[in-house]
Amino acid sequence: MSDAPFAVFDVDGVVADVRHRLGHVARRPKNWAAFFAAADRDPPLPEGLELVHRYAPDHRLVWLTGRPEWLRPVTERWFAAQGLPAGRLLMRPDDDRRPARDFKLGRLRRLARDGVIAVIVDDDPAVVKRLRTEGLPVRLADWVPYERSLRQAQERDGRT
């Protein structure tokens, strides 16, 4: 399946429900340590899981997340606990604070050198808008209301 097209999925807000931990970053001072420490307790989002399983049989699965690299073991264990198929996991470098739309576009441009991207699923309207402007096949994951505190974390703070 090395020539199969890519199906690219975000994690938070697409397959993982982060709403239970947004309170840690909704007010000042933001408690990023507590926010990330609770990532292993994210409930799964059935709509996102179903979509991943729909694409997995005939696409190369790629996870593209703004989660910091140091959360890789937690994220991989969470995927396994949810029965999600393995795929390439692209995470934000620990010192990268660019807006999610810039970080993800850069990673997708590099990925596109390795093959065709069939679909990108993301919950961040700013990311979706930017990727559409670039002509990429993106779908908005709209099964969870997009929270203001998450938007700030992704677009202004460059943290997820």
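Described below are features of the structure shown in this document.

The rules behind each value
- Residues numbered from 1 in each chain as written.
- Predicted model: local features only at pLDDT ≥ 70, side-chain atom pairs only at ≥ 80, totals over all residues.
- Heavy atoms only, no water.
- Phe/Tyr/Trp six-rings, centres within 6.5 Å; stacked < 30°, edge-to-face > 60°.
- Lys NZ or Arg CZ within 6 Å of the ring centre and 35° of its normal.
- Helix = DSSP H or I, 4+ residues; strand = E, 2+ residues; numbered from the N terminus.
- Core = buried A, V, L, I, M, F, W, Y, C linked by side-chain atoms within 4.5 Å.
- Buried < 20%, exposed > 50% of the residue type's maximum accessible area, 1.4 Å probe, protein only.
- Contact = heavy atoms within 4.5 Å.

This paragraph deals with the packing of aromatic side chains. In this structure the tally under the stated criterion is 8 aromatic pairs. One aromatic cluster in this structure is built from F9, Y55, W63, W78 and F79. The cationic tip of R21 hangs over the ring face of F35; the distance from NZ or CZ to the ring centre is 4.4 Å. It is R60 that lies over the ring of F6; its NZ or CZ is 3.9 Å from the centre.

This next bit is on unusual backbone geometry. P29 follows R28 through a cis peptide bond whose omega is -5°. Mapping P29 onto the fold places it in the loop between β1 (6–9) and α1 (32–37).

Below, the discussion takes up the nonpolar core. In this structure, F9, V15, W63, L84, V121 and W143 are the most contacted members of the largest nonpolar core, which totals 30 residues. Secondary structure elements with two or more residues in this core: β1, α1, α2 (46–55), β2 (60–68), α3 (72–82), β3 (88–92) and β4 (117–122). In this view, L84 contacts V15, L49, V52, H53, W63, W78 and F79; residues no more than four positions away in its chain are not counted.

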